[in-house]
Each structure stands twice: as C-alpha cells, then as structure tokens.
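Survey of secondary and tertiary structure
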Amino acid sequence: MTRIRIAITGGHGQVARAMAALGPAMGVDVIPVGRPELDLADPASVFPALASARPHAIVSAAAYTMVDKAETEKDLAFSINAAGAGAVSTAAARLGAPVLHLSTDYVFDGTKAGRYVEADPTGPTSVYGASKLAGEQLVAAATGNHAIFRTAWIYSPYGENFLKTMLRLGETRETLSVVDDQRGCPTSAEDIARAMILAARRMVEDRNARYRGVFHLAGSGEASWADFACAIFRAAEMYGRKPVTVLPISSDRYPSPVRRPGNSRLSGEKLGRIYGIALPHWRQSTEKVVDGLLGRAGCEALVCEERS
Ligand SMILES: NC(=O)c1ccc[n+]([C@@H]2O[C@H](COP(=O)([O-])OP(=O)(O)OC[C@H]3O[C@@H](n4cnc5c(N)ncnc54)[C@H](OP(=O)(O)O)[C@@H]3O)[C@@H](O)[C@H]2O)c1
C-alpha cells in the first residue's frame, strides 16, 4: 500500500494536532498547513500552500470557530468558513486530491425530536452555523470529489475546549452551573482524527461515489453539557481532584448572544454503513482525555511545557 500524504488546514487546531499525533502510528504522513502560508481569509494563498504539501488528500479543518464572537464578525466568519472553505475545495480539485471537509451540528435548528440524519433540512440559528453551511455548499460546488463530515462538541488535550475549561474551573470551584437543556454528542478530536485518516485512505484508493457526500461523525451516545461536565469531574476525581457539584440550569440563565440548538444529536448510522466507522462512546473518550491531561503522562507533559 502506498504511504499517503494528507494535508490538513489549520496547523494548531484540535483536530489538526490530533491527526499529526496519530499519523505515524497509522502509517500516513500528516502535513499541517496553516497561517501564515495558508490564510483562508486570503483565498489566493490557499492553492500555493496546499500544492507545496503535494497531498494525496486534503482535510479541511481550519475554521473561524468562535461561535459567540461570529455574531459581531459576520463578514470575517463567512470569508473564512464559506469562501475560504470553497478555496480549499477548489485547490483540492486542481491537485486531483479528495477533500474531507469538517462541518458542524450547528447547521441544524435543534427542533427535531430525534437524531439528525444527513438528509434532514438545515436551518442554522447562528452566524457561525450559517457560515459553515455556506461553506458546505461551496465545498460541494467546487468538486464532486468531496466528503463533508459534520461533527460536534469537540474536546481534546489541545487548545481551548469545554473539557479543559471544566478542569480549570474545577480547581477553584465547589459548584458549577452548567446548561442542561442542550443535548448533543461530545466528540474527541483524536476519534475524529482516526476517522479522517481511515476515510482519506478510502477516498484516495476508491473513487466510488458512495464515499462522497455528507456524513455525520460524532461520539457515540449523547449528553447535555451538564452530563458532560459531571463525567469530566468524576473522571478527574480518579486523579485526586476534589468533587465538584454540577447544578443544571436552562440556556436562558446562561448569557450568550447565540441561541444554540436544543437538540443537535447526530446519527452516525450512514458513516457506519458506508465507511464501517463508528466512534467510541463519549464517556470512554472523555476518560481517556482526562487521563492524558491529569495522569502521569499528562503531568510529565505539563512539566515539560512549563520548563520549555
Ligand atoms: N470545536 C468544536 O466544538 C466544533 C464542533 C463542530 C464542528 N467543528 C468544526 O471542526 C473543525 C475543527 O475544529 P477545531 O475545534 O479543531 O478547531 P480549532 O481548534 O478552533 O482550530 C481552528 C483552526 O483554524 C485555523 N484558522 C482560523 N482562521 C484561519 C484562517 N483565516 N486561515 C487559516 N487558518 C485559520 C486556526 O489557526 P491558528 O492555529 O493559526 O489560530 C486553528 O488552527 C472546524 O471546521 C470546526 O468548524 C468544531
């Protein structure tokens, strides 16, 4: 089997870092391509930056991800998440490489009773969701050789995310109020990264149309943010952290300029049926990430980071 080269946009993002960490063990070369060489707000920079990586496949992960701030930075969010994503897809077409584009559960309005499937009507309730939906459309228009993976509630040992925020707040707080009326699928960046590598390999090796189109890619199970917080604190207790009590609250008690979907649970049935990929349960992956951060290996890494 040829060793494939996968370029991923957004070198410091959660998924990009997880993919770079997993690539060697999975027998692929992962080449992060980020700013300043590739700036999605400057479409002219996209093709040369990706071409220099000579990729067999491109994972389009970079995005404007500040959901609240996007409400006041609409033009910037659209230039990155829509026009920028379209430029990545156009570049992929010129390079003859499949593009695997990451999108979001926030393309839905959250009013459906059950899990969302790929064919469900979209209806974003935020600028961020609308910009990502516009990105999906431009990615699809630029090349048929695309797969769009909608994912959700990403957490990892990297960057900023809900899990790390809870661990930080848990150091000083005995109780925390957490929203309990939004339900979704917490998804580990490492689990996404593994799926991206498997899917990229499949798309490179097999031109069949069944591997193209829209797929939902999310951790198994479901949770509210309050459930997720409880699981994080229970896992942290295994490493000597003191217990934190989670007080469930409704979204209207949490100040935000954005109305997030009450239900953004994604069905992974199509991904399982077509690609044979099923992500682990979010509780299992949450324990793994907490172990990575608070366990022996995590503490040693933190000490190293502090020393360097
Ligand atoms: N985070 C979530 O909960 C979530 C949920 C659903 C879907 N998604 C989608 O999943 C994907 C990956 O998310 P993530 O959490 O890994 O993202 P992330 O950690 O927020 O990283 C975003 C990356 O995008 C890069 N970026 C931002 N503006 C850019 C620009 N103008 N040009 C080039 N790069 C730019 C950033 O670059 P710098 O490193 O230079 O800042 C960063 O590396 C995104 O497409 C996101 O929309 C995320």
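These lines cover the structure that appears in this document, whether it is placed above or below.

Thresholds, definitions, all that
Residues numbered from 1 in each chain as written. Predicted model: local features only at pLDDT ≥ 70, side-chain atom pairs only at ≥ 80, totals over all residues. Heavy atoms only, no water. Phe/Tyr/Trp six-rings, centres within 6.5 Å; stacked < 30°, edge-to-face > 60°. Helix = DSSP H or I, 4+ residues; strand = E, 2+ residues; numbered from the N terminus. Buried < 20%, exposed > 50% of the residue type's maximum accessible area, 1.4 Å probe, protein only. Axes fitted to C-alpha atoms, helices over the stretch in contact; angles between N-to-C directions. Parallel < 35°, antiparallel > 145°, perpendicular 65-115°, else oblique. Left-handed = near helix turned anticlockwise from the far one by under 90°. Contact = heavy atoms within 4.5 Å. Nonpolar A, V, L, I, M, F, W, Y, C, P; charged D, E, K, R; others polar. Near = heavy atom within 4 Å. Polar contact = N/O pair within 3.5 Å; in protein donor to acceptor, adjacent residues only side chain to side chain. Areas by Shrake-Rupley, 256 points an atom, 1.4 Å probe, with all protein chains shown as cover. Core = buried A, V, L, I, M, F, W, Y, C linked by side-chain atoms within 4.5 Å. Pairing = 2+ DSSP bridges.

**A short note on the packing of aromatic side chains**
Under the criterion given, the structure shown has twelve aromatic pairs. The interplanar angle of 85° and the centroid separation of 6.5 Å between the aromatic rings of Tyr106 and Tyr128 together place this pair among those described as edge-to-face. Of this pair, Tyr106 sits in the loop between strand S4 (99-104) and helix H4 (127-142) while Tyr128 sits in helix H4; the two residues are 22 residues apart in sequence, bridging distant segments of the chain. Among the residues examined, Tyr106 registers a relative accessible area of 8% and is labelled buried. We classify Tyr128 as buried; its relative accessible area is 9%. Taken together, a centroid distance of 3.6 Å and an interplanar angle of 10° make the contact between Trp153 and Trp225 stacked.

**Some remarks on the packing of helix H5 (residues 162-170) against helix H7 (residues 225-237)**
Their axes nearest at 10 Å, the elements H5 and H7 cross at an angle of 60°. Taken together, the axis directions place H5 and H7 in an arrangement best described as oblique. With respect to the hand of their crossing, H5 and H7 are arranged in right-handed fashion. Between H5 and H7, the contacting residues are Phe162, Leu163, Met166, Leu167 and Gly170 on the first element and Trp225, Phe228, Ala229, Ile232, Phe233 and Ala236 on the second. Residues of the contact of H5 with H7, tallied by class, amount to ten nonpolar, one polar and no charged.

**Focus: the site of the ligand**
Around the ligand, a shell composed of 24 residues is seen, among which Asp39, Leu40, Thr65, Tyr128 and Lys132 lie nearest. For the ligand, an oxygen atom lies 2.9 Å from a polar atom in the backbone of Gly13. At 3.1 Å from an oxygen atom of the ligand is found a main-chain nitrogen or oxygen belonging to Ala63. Within the complex, 83% of the 900 Å² of free accessible area of the ligand lies under protein. Within the residue set of the shell around the ligand, elements represented by two or more residues are helix H1 (14-22), S4 and H4. For the shell around the ligand, the element with the highest residue contribution is S4, accounting for three residues. Counted by class, the shell around the ligand contains 13 nonpolar, eight polar and three charged residues.

**Concerning the nonpolar core**
Formed by 62 residues in total, the largest nonpolar core has its most connected members in Leu50 and Val178. Looking at this core, the elements that each hand over two or more residues are helix H2 (46-51), helix H3 (74-95), H4, H5, strand S7 (175-179), H7, strand S12 (245-249) and helix H9 (282-294). Of the residues forming this core, the biggest block, nine residues, is contributed by H7. Met26, Leu100, Ile192 and Leu271 belong to the second largest nonpolar core, which has 34 residues in total.

**Quick notes on the sheet that holds strand S10 (residues 213-216)**
With parallel pairing, the six strands of this open sheet are ordered in space as S2-S1-S3-S4-S5-S10. The open sheet has two free edges, formed respectively by strand S2 (29-33) and S10, since each of these has just one partner strand. Direction aside, the axes of adjacent strands within the sheet are offset by 25° on average. Here strand S1 (residues 5-9) pairs with strand S3 (residues 57-60) via three bridges, running parallel. Across the sheet, the residue bridging to Ile8 is Val59, located in S3. Helix-sheet contacts for H4 involve S4 and strand S5 (146-151), and the interaxial angle to S4 is about 160°.

**Digging into the environment of Arg260**
Looking at the element boundaries, Arg260 is found in the loop between S12 and helix H8 (269-275). In the structure, Arg260 is positioned 199 residues away from Ala61 in sequence and 21 Å away in space, judged by C-alpha atoms. Non-local contacts of Arg260, meaning those with residues more than four positions away in its chain, are made with Val67, Asp68, Tyr106, Thr125 and Gln182.

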